[in-house]
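Descriptive analysis of the structure
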Amino acid sequence: MIVLKDILYKVKIDAVYGNTDTHINAIHFDSRKVSLDDVFVAIRGTAVDGHDYITKAIENGAIAVICEKLPAELINGVTYISVEDAHHALAVMASNFYGNPSENLKLIGVTGTNGKTTIASLLYELFKKAGFKTGLLSTVKVMVGQDSFPATHTTPDPMAINGYLKSMNLAGVEYCFMEVSSHGIDQQRTTGLEFVGGVFSNLTHDHLDYHHSFAEYRDVKKRFFDQLSPRAFALVNVDDKNGVYMLQNTKAKKLTYALKSYADYKAQILENQFHGLLLKIDNNEVWSKLIGNFNAYNLLAVYGVAIELGLEKMEVLQYLSELESVGGRFQYYISQGEITAIVDYAHTPDALKNVLETINAIRTGNESLITVVGCGGDRDTTKRPLMANIAAKLSSKALFTSDNPRTENPEKILEDMESGVEPQFYNKTLTIQDRRQAIRTACQLAQKNDIILIAGKGHENYQEINGVRRDFDDMKIVIELLNNMNQHSQDTSNGNS
């Protein structure tokens, strides 16, 4: 049993009403999960205010309530603790509840608009190859050593994070690599965690439905580096103009990486093709199976982190050459009909532009590039016209379709996308609301040696429509369609039609 006052250590408390010597079982911020002798933390969310559910939590057995605003009536036998920021309180309490597990391993946080998943996942794989017990907290999955768990958020809630980190402690994990989202930073999900390093990849247009302005989005990201301790390091991409800004005010050791600028960690692209990248890193050549300029940055960040964590240079270069691409990140398949299908998570204007420019830089120009792209519902609407115009401009043909409409009308999303297309690109676009049909059409349009890019959902194996998630995997679907087309073509040529 855990005593309430012990998990309140370092929580910024305004007032206490009741007994903090009481024993508690668990901490919850969802009143429906509360049971006898639990603590309920009333969190103000974007859609729901936990303060409205304090009574329900007590009815379910809560013995203590943490809140920013006390209820009008205080019930005897229940301890009420008033705090300035319930998000902060929850994060600190979660860390205390699990025995501050981040202090018992080396935790690296990776933040930025694009590249977080790839950098964190490649670091996990590299350190695993180096013989270390390793953990991963990412958009794609959570790994506790060899055990895999499904991911629900880029950065989980504080109770989930610390629960996973505690499991890592028990499994003997030495290093953990974690994606840190702007939502996670803003909602203080990472508060109370002890990071030994932080990585900044880049900053582009995203999440402006939540942050309201690019400056606010940037400053939230910066807050992560501001909170690093003097014992940590901060490694930032200085080819991005926001990289140096991230280092302002940080107490951590300041480090930089770049392809174009002077930096502590420098790389040069010698070859860039569909089979991989040839890089020169610190005057040593290394071949990677990953593709594109953006992956050159990702690999360089991985290299820098590995060196800062004490691995030997040549050993790191060897492991870099063995790493595979992350699922749904420039994942490609070449059909028997010699059509190349690429699935990528690109869901921001900059990410889509990077992927399309990478493909255009590699292809000869004799083949067509057909792009299937959509935009998510209930999210930042301002990027929709930008993404549509980028797809139309940089593709031979652009098919606009549904992504995850969620609760929004798919037709409205597609209208927003179409509004951004410049007139000279109109004849290069098609709008097909059904995503499977859009992918089928792209396959039917493609000829030998053509390239199909399916952007936006990447690793996701579902499509969310009106709150319901249906099975949907871009890569599985395009492979199935291309194989069926090839089989039909063979049957026809054999006279079996």
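Residues numbered from 1 in each chain as written. Predicted model: local features only at pLDDT ≥ 70, side-chain atom pairs only at ≥ 80, totals over all residues. Heavy atoms only, no water.

Comments concerning the overall build of the chain
Quick reminder of the rule: The way it works is that DSSP assigns letters per residue, a run of H or I at least four long becomes a helix, a run of E at least two long becomes a strand, and they are numbered from the N terminus. Both definitions apply: the radius of gyration is a C-alpha atom measure, and the globule rule equals 2.2 Å times residues to the power 0.38. Relative accessibility thresholds used throughout: buried, under 20% of the residue-type maximum; exposed, over 50%; partly exposed, between the two (1.4 Å probe, protein chains only).
Counting its secondary structure elements, the chain contains 16 helices and 26 strands. The C-alpha atoms of the chain give a radius of gyration of 25 Å, which matches the 23 Å a tight globule of 497 residues would have. Referenced to the eigenvectors of the C-alpha coordinate spread, the extents of the chain come out at roughly 80 × 50 × 40 Å. Scored against the burial criterion, the 497 residues of the chain give a buried share of 56%.

With respect to the packing of helix H13 (residues 383–394) against helix H14 (residues 410–418)
Quick note on the threshold: For helices, the fitted axis covers only the stretch in contact; all axes are lines through C-alpha atoms, and the angles between them, taken along N-to-C directions, range from 0 to 180 degrees. Angles are sorted into four bins: roughly parallel if under 35 degrees, roughly antiparallel if over 145, roughly perpendicular if 65 to 115, and oblique for all others. For any helix crossing, the convention is left-handed if the near helix is rotated counterclockwise from the far helix by under a right angle, and right-handed if that rotation is clockwise. Whether two residues touch is decided by their heavy atoms; if any such pair falls within 4.5 Å, the residues are in contact. Any residue outside Ala, Val, Leu, Ile, Met, Phe, Trp, Tyr, Cys, Pro, Asp, Glu, Lys and Arg is labelled polar, Gly included; the first ten of those are nonpolar and the last four are charged.
The interhelical angle for the contact between H13 and H14, taken along N-to-C directions, is 60 degrees, at an axis separation of 6 Å. Overall, the two elements H13 and H14 adopt an arrangement that is oblique. Between H13 and H14 the crossing geometry is right-handed. Between H13 and H14, the residues in contact are Arg384, Pro385 and Ala388 and Ile413, Asp416 and Met417, respectively. Residues of the contact of H13 with H14, tallied by class, amount to 4 nonpolar, no polar and 2 charged.

Points about the sheet that holds strand S6 (residues 62–67)
The cut-off we apply is this: When DSSP locates at least two bridges between a pair of strands, those strands are taken to pair.
With mixed pairing, 5 strands are arranged side by side in an open sheet as S2-S7-S6-S5-S4. Strands with a single pairing partner mark the edges of an open sheet, and in this sheet they are strand S2 (13–17) and strand S4 (27–28). Where strand S5 (residues 38–41) meets S6, 4 bridges bridge the pair, whose relative direction is parallel. The residue of S6 that forms the bridge with valine 41 is isoleucine 66.

Observations regarding the layout of surface pockets
We apply this condition: A cavity, in this analysis, means grid points on a 1 Å lattice covering only the protein atoms where a 1.4 Å probe fits yet has no way out; a pocket is instead an open set bounded by protein on both sides within 12 Å along at least five of seven lines, and a residue lines either one if it has an atom within 4 Å of a point. Grid points are joined across faces, edges and corners, and a volume is the space filled by probe spheres set on the points.
In this structure, the second largest pocket spans a volume of roughly 520 Å³. Lining the second largest pocket are 19 residues; nearest its centre among them are Lys10, Thr191, Gly192, Leu193 and Glu194. With 4 residues, helix H3 (residues 86–97) is the single largest residue contributor to the lining of the second largest pocket. For the lining of the second largest pocket, a count of residues per class yields 6 nonpolar, 10 polar and 3 charged.

Remarks on the packing of helix H4 (residues 116–129) against helix H10 (residues 293–308)
Where H4 meets H10, the closest approach of the two axes is 9 Å, and the angle between their N-to-C directions is 50 degrees. One way to sum up the angle between H4 and H10 is to call them oblique. As for how H4 packs across H10, the hand of that crossing is right-handed. Residues Thr118, Ile119, Leu122, Leu123, Leu126 and Phe127 of H4 pack against Asn295, Asn298, Leu299, Ala301, Val302, Val305 and Ala306 of H10. Partitioning the contact of H4 with H10 into residue classes produces 10 nonpolar, 3 polar and no charged.

Thoughts on the sheet that holds strand S14 (residues 233–237)
Spatial strand order, S11-S10-S9-S12-S8-S13-S14-S15-S16-S17-S18: 11 strands in an open sheet with mixed pairing. At either margin of the open sheet sits one strand with a lone partner, and together these are strand S11 (147–150) and strand S18 (284–288). Each neighbouring strand pair of the sheet contributes to a mean axis angle of 20 degrees, computed without reference to strand direction. Pairing of strand S17 (residues 276–281) with S18, which is carried by 5 bridges, proceeds in the antiparallel orientation. When the bridges of S18 are listed, leucine 278 appears paired with tryptophan 287. Sheet strands in contact with H10 are strand S8 (106–111), strand S12 (175–179), strand S13 (197–200), S14, strand S15 (253–258), strand S16 (265–273), S17 and S18, and its direction is about 145 degrees off that of S16.

Side note on the side chain of serine 138
Here is the rule we go by: Identification of polar contacts relies on pairs of N or O atoms within 3.5 Å, with a donor-acceptor requirement for protein atoms, meaning one able to donate a hydrogen and the other able to accept it, and with residues adjacent in sequence counted only if both atoms are side-chain atoms.
Relative to the elements of secondary structure, serine 138 occurs in the loop between strand S9 (134–137) and strand S10 (141–144). Overall, serine 138 belongs to the buried group, its relative accessible area being 1%. In terms of polar contacts, serine 138 uses its side chain to reach the backbone amide nitrogen of valine 140, at 3.2 Å. A polar contact is formed between the side chain of serine 138 and the backbone oxygen of lysine 141, at a distance of 2.8 Å.

Comments concerning the pairing of S9
Across the two faces of S9 the burial is the same, with Thr134 and Leu136 and Gly135 and Leu137 all buried. Taken together, the 4 bridges between S9 and S12 define a ladder with parallel strand orientation. Bridge pairing in S12 places threonine 134 opposite tyrosine 175. Across 3 bridges, the pairing between S9 and S10 is antiparallel. Note on S10: the bridge partner recorded for glycine 135 is valine 144.

Re H3
Heads up, the rule is: Every helix has an expected span of 1.5 Å times one less than the residues it contains.
Counted at 1.5 Å a residue, the expected span for H3 with its 12 residues is 16 Å, and the 16 Å between its end C-alpha atoms agrees. Buried residues dominate H3, accounting for 12 of its 12 residues. Taken as a whole, H3 has its buried residues at Ala86, His87, His88, Ala89, Leu90, Ala91, Val92, Met93, Ala94, Ser95, Asn96 and Phe97. One side-chain oxygen at the N-terminal end of H3 lies 3.0 Å from the backbone nitrogen of histidine 87; it belongs to aspartate 85. Residue glycine 99 follows H3 closely and has a positive phi angle near 80 degrees.

Concerning the nonpolar core
To keep things clear, this is the line we draw: For this analysis, a nonpolar core means a set of buried residues of the types Ala, Val, Leu, Ile, Met, Phe, Trp, Tyr and Cys, connected via side-chain atoms within 4.5 Å.
By size, the foremost hydrophobic cluster in this structure holds 44 residues, and its most contacted members are Leu126, Phe127, Phe177, Tyr257, Ile281, Val305 and Leu320. If you tally residues by element for this core, the top one is H10, at 9 residues. Apart from residues no more than four positions distant in its own chain, leucine 126 is found in contact with Val302, Ala306, Leu311, Val316, Tyr319, Leu320 and Leu323. Core analysis: the second largest hydrophobic core is formed by 31 residues, Leu107, Leu137, Tyr217 and Val236 among them.

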